[in-house]
Amino acid sequence: MTKLRVAIVGAGPAGIYAADILLKAERKFEVSIDLFDRLPAPYGLVRYGVAPDHPRIKGIINALREVLDRGDIRVFGNVNFGTDLTLDDLKRHYHAVIFATGAVRDAPLNIPGVELDGSYGAADFVSWFDGHPDVPREWPLEAQSVAVIGNGNVALDVSRMLAKHADDLLSTEIPENVYEGLKASPVTDVHVFGRRGPAQVKFTPLELRELGELNDVDMVLYDEDFDYDDASKTAIASNKQVMVIDKILQKWRERPAGTASRRLHLHFYAKPLEVVGDENGRVAAFRYERTRPDAEGGVVGTGEIREVPVQALYRAVGYFGSPLEGIPFDKKHGVIPNREGVALKKGSNDVVPGVYATGWIKRGPVGLIGHTKSDAMETIRHVINGEGSWWAPESPSEESVVELLDSRGVRYTDVDGWHNLDQHEIALGAPHGRARVKVVPREDMVAISRNETATV
Ligand SMILES: Cc1cc2nc3c(=O)[nH]c(=O)nc-3n(C[C@H](O)[C@H](O)[C@H](O)COP(=O)(O)OP(=O)(O)OC[C@H]3O[C@@H](n4cnc5c(N)ncnc54)[C@H](O)[C@@H]3O)c2cc1C
């Protein structure tokens, strides 16, 4: 073999870091990498998850772009594994595949009423405000009072985007329809609910602090949540992150009552019980049970049931991976079963030859973008040392996969196509003093990328 041909499915940070690390790794053979993504533009959740008002994190795209711009990784966007390209195709043209398909769906919240009108998954809302091509353009923002369930950073993103005034987002890359939707929102109160106490949240301090800096939004906290038990006191004293979070919350508690037109309430010790509907099947309230610390850092129910009237509810209780055609899937954790990135047969320790995983589809939807780098290092080590389990492709030439996609009429996009789209978006933003305005419809993204602008 002169060249190891590797397919990576998923051009989010995990896939791009894996390609970069494989190319730079010490090895005794050449490699040639093709990176596929179902979306016409690369960068996964950095483009379609990270909130638009977090330009510093969005800026990670620049570092990822430098990797792609080097020219030693071929990118095929708008190619969906499972339909446009199958596992058999990959086996015919590559020695191995690394899946870096992340997690795009909401984890379920199994309480009655979760299917009511006005009850949404955070992932769908995030996709809407981040201009994902595969979600509806319109988002119903009709509620004055909204509940957000969850105590992680996605819950903070969702609450912030709901509470923030649209004009304060104008400098960001939000698409026009998102600005218009948020501008018309009548929201006055956003209630965030967590099952446990302030010392057990999964927020990171930077993201939490930001809430208190929002223009014309008051933070509302409740004294009853701050009667710390010993486990909470220990957590605050022993963990710097928890200590900072506590300081932020305490500072907000000391603020005099505000007069802002919008309020963001943080409720702790609230176990979701039910989304209560009205006679038209629409969300009317959120019912929860008050919990209390169990002295071990967990909580137990107190039996006290409460209800807060809301007209919309967002569940931000985590993301979840999706199964891939022909690849083992762990339904409980939403990941490809694996040992350090080497795919395993379901329910056994047997290796699936030629198949690897990295990023969120490998270890579940937790952790920051940076974590996908260390993840990729581990997986790539196994790819390089896995010679015994690589496939023996019939047709490993670089042209063969292009011919295959062409023969199927797949309108794939490439790195040059991304440059076209990038420049187009930047040009859309320029007259308004904005860094960019995102193009949302998939067809437009593809046409602009492929220079077929006559159809746009
Ligand atoms: C709302 C939200 C906000 C976040 N904010 C931050 C933040 O501020 N800072 C931070 O460090 N981290 C943040 N994260 C976490 C960060 O986004 C993840 O750590 C990271 O994106 C995971 O990378 P990944 O490559 O594994 O998955 P992803 O980024 O999801 O990339 C997976 C890629 O695979 C593609 N794909 C999926 N299925 C297929 C298929 N069948 N065929 C072809 N392609 C496919 C997808 O289109 C996608 O491009 C946030 C996450 C979310 C959800």
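The shown structure was predicted, so the numbers you read here are calculated from the model rather than taken from an experiment.

Student: Hey, could you go over the environment of Ser 389 for me, with residue numbers and the actual values?
Tutor: By secondary structure assignment, the location of Ser 389 is in the loop between helix H13 (371–384) and helix H14 (398–407). Residues Ser 389 and Val 352, spaced 37 residues apart in sequence, show a C-alpha to C-alpha distance of 8.1 Å.

Student: Hey, could you go over the sheet that holds strand S9 (residues 217–220) for me, with residue numbers and the actual values?
Tutor: Strand order in the open sheet formed by six strands is S6-S14-S7-S8-S10-S9, and the pairing between neighbours is parallel. Edge strands, defined here as strands with exactly one partner in the open sheet, are strand S6 (119–121) and S9. Taken pair by pair, the neighbouring strands of this sheet meet at an average axis angle of 20°, ignoring direction. With four bridges joining them, strand S7 (residues 145–149) and strand S14 (residues 312–315) adopt parallel strand pairing. Residue pairing in the sheet places Ile 149 in a bridge with Arg 315 of S14.

Student: So, the pattern of salt bridges: which residues are in play, and what are the values?
Tutor: Under the counting rule described, the total for this entry stands at 39 salt bridges. Among the ionic pairs, Lys 438 bridges to Glu 173, the shortest N-O distance being 3.1 Å. Of this pair, Lys 438 sits in the loop between helix H15 (415–429) and helix H16 (442–449) while Glu 173 sits in the loop between helix H7 (153–163) and helix H8 (176–183), and the two are 265 residues apart along the sequence. Residues Lys 438 and Glu 173 agree in their burial class; the two are buried. Across the salt bridge formed by Glu 443 and Arg 411, the nearest N and O atoms sit 3.2 Å from each other. Here the residue Glu 443 occupies a position in helix H16, and Arg 411 occupies one in the loop between H14 and H15, the gap between them amounting to 32 residues. The class for Arg 411 is partly exposed, based on a relative accessible area of 28%. Within this structure, Arg 47, Lys 58, Arg 65, Asp 130, Glu 173, Asp 422, Glu 425, Arg 436 and Lys 438 form a network of salt bridges that share partners.

Student: Give a detailed account of the sheet that holds strand S18 (residues 351–357), specifying residues and quantitative values.
Tutor: If you trace the seven strands from one edge of the open sheet to the other, you get S3-S2-S1-S4-S18-S17-S16, paired in mixed fashion. Where the open sheet ends on each side, the last strands, each with one partner, are strand S3 (73–76) and strand S16 (338–339). Relative to strand S17 (residues 342–344), S16 is paired through two bridges, and the arrangement is antiparallel. Bridge pairing links Arg 339 to Val 342 in S17.

Student: Outline the site of the ligand, listing residues and values.
Tutor: Taken together, 31 residues form the shell around the ligand, and within it Ala 14, Asp 37, Leu 45, Phe 81 and Trp 360 come nearest. For the ligand, a nitrogen atom lies 2.9 Å from a polar atom in the backbone of Phe 81. Coverage of the ligand by the protein chains reaches 94% of its 1000 Å² of free accessible surface. Of all elements in the fold, only helix H1 (13–24), helix H2 (44–48) and H7 reach the threshold of two or more residues within the shell around the ligand. In the shell around the ligand, the residues fall into 18 nonpolar, 10 polar and three charged.

Student: Give a detailed account of the UniProt feature "binding site: FAD" (unreviewed entry) in the protein chain, specifying residues and quantitative values.
Tutor: Under the local residue numbering, the UniProt record ascribes the feature "binding site: FAD" (unreviewed entry) to Ala 14, Leu 45, Trp 360, Gly 367, Leu 368 and Ile 369. Spanning 356 residues, the annotated positions come together in the fold, the maximum distance between their C-alpha atoms being 12.3 Å. Residue placement: Leu 45 occurs in helix H2. Residues contacting Leu 45, with those up to four places away along its chain left out, are Val 50, Ala 103, Tyr 319 and Trp 360. If you trace the backbone, Gly 367 turns up in the loop between helix H12 (360–363) and H13.

Student: Go over the packing of aromatic side chains, please, and point to the residues and values.
Tutor: Scanning the entire structure with this criterion turns up 20 aromatic pairs. Pairing Phe 36 with Tyr 94 gives two aromatic rings, centres 6.2 Å apart and planes at 90°, and the pair type is edge-to-face. Placement of Phe 36 in strand S2 (residues 30–36) and of Tyr 94 in the loop between helix H5 (87–93) and strand S4 (96–99) is noted, with a sequence separation of 58 residues between them. Here Phe 36 matches Tyr 94 in class, with each residue buried. Consider the rings of Phe 81 and Phe 99, whose centres lie 5.0 Å apart with planes at 70°: the pair is edge-to-face. You can see Phe 81 sitting in the loop between S3 and H5 and its partner Phe 99 sitting in strand S4, a full 18 residues away along the chain. Side by side, Phe 81 and Phe 99 carry an identical accessibility label, which is buried. For the cation-ring pair, Arg 450 lies above Tyr 412, with the distance from its terminal atom to the ring centre recorded as 6.0 Å.

Student: Describe the UniProt feature "binding site: NADP(+)" (unreviewed entry) in the protein chain, naming the residues involved and giving the relevant values.
Tutor: UniProt's entry tags Asn 151, Gly 152, Asn 153, Val 154, Arg 195, Arg 196, Glu 207 and Gly 367 with the feature "binding site: NADP(+)" (unreviewed entry), counted in the numbering of this structure. Mapped onto the elements of the fold, Arg 195 is located in the loop between strand S8 (189–193) and helix H9 (205–211). With relative accessibility at 45%, the residue Arg 195 sits in the partly exposed group. Setting aside its immediate chain neighbours within four residues, Arg 195 contacts Tyr 269, Ala 270, Lys 271, Pro 272, Thr 291 and Val 299.

Calculation criteria
Residue numbers run consecutively from 1 along every chain, following the written order of its sequence. Local features in this predicted model are restricted to residues whose pLDDT is 70 or higher, and side-chain atom pairs enter the listing and the counts only when it is 80 or higher, whereas totals over whole chains, interfaces and linings include all residues. As a convention, hydrogens and water are excluded, and side-chain values are obtained from all of the structure's heavy atoms. In this description a helix means any DSSP run of H or I spanning at least four residues, a strand means any run of E spanning at least two, and both kinds are numbered starting from the N terminus. Strands were regarded as paired on the criterion that DSSP finds at least two bridges between them. Axes here mean lines fitted to C-alpha atoms, for a helix over just the part in contact, with angles spanning 0 to 180 degrees between N-to-C directions. Whenever a carboxyl oxygen of Asp or Glu lies within 4 Å of a side-chain nitrogen of Lys or Arg, that contact is scored as a salt bridge. To sort residues, take the accessible area from a 1.4 Å probe on protein chains only and compare it with the maximum for the residue type: under 20% means buried, over 50% means exposed, and anything in between is partly exposed. Whether a residue is near a molecule or strand depends on its heavy atoms: it is near if one of them lies within 4 Å of it. Nitrogen and oxygen atoms within 3.5 Å of one another constitute a polar contact, given that in protein one can donate a hydrogen and the other can accept it, and given that sequence-neighbouring residues count only through two side-chain atoms. For accessible areas, the Shrake-Rupley method is used with a probe of radius 1.4 Å. Any residue's cover is judged against the shown protein chains and nothing else. Each residue is assigned to one class: nonpolar for Ala, Val, Leu, Ile, Met, Phe, Trp, Tyr, Cys and Pro, charged for Asp, Glu, Lys and Arg, and polar for all the others, Gly among them. UniProt positions are given in the numbering used here, feature names are shortened, and annotations may be inferred rather than shown by experiment. Here, two residues are considered to be in contact whenever any of their heavy atoms come within 4.5 Å of each other. Pairing of aromatic rings covers Phe, Tyr and Trp, the last through its six-membered ring, and needs centres within 6.5 Å; plane angles under 30 degrees mean stacked, over 60 mean edge-to-face, and all others mean tilted. Working rule: Lys NZ or Arg CZ, within 6 Å of ring centre, within 35 degrees of ring normal, means a charge sits over the ring.

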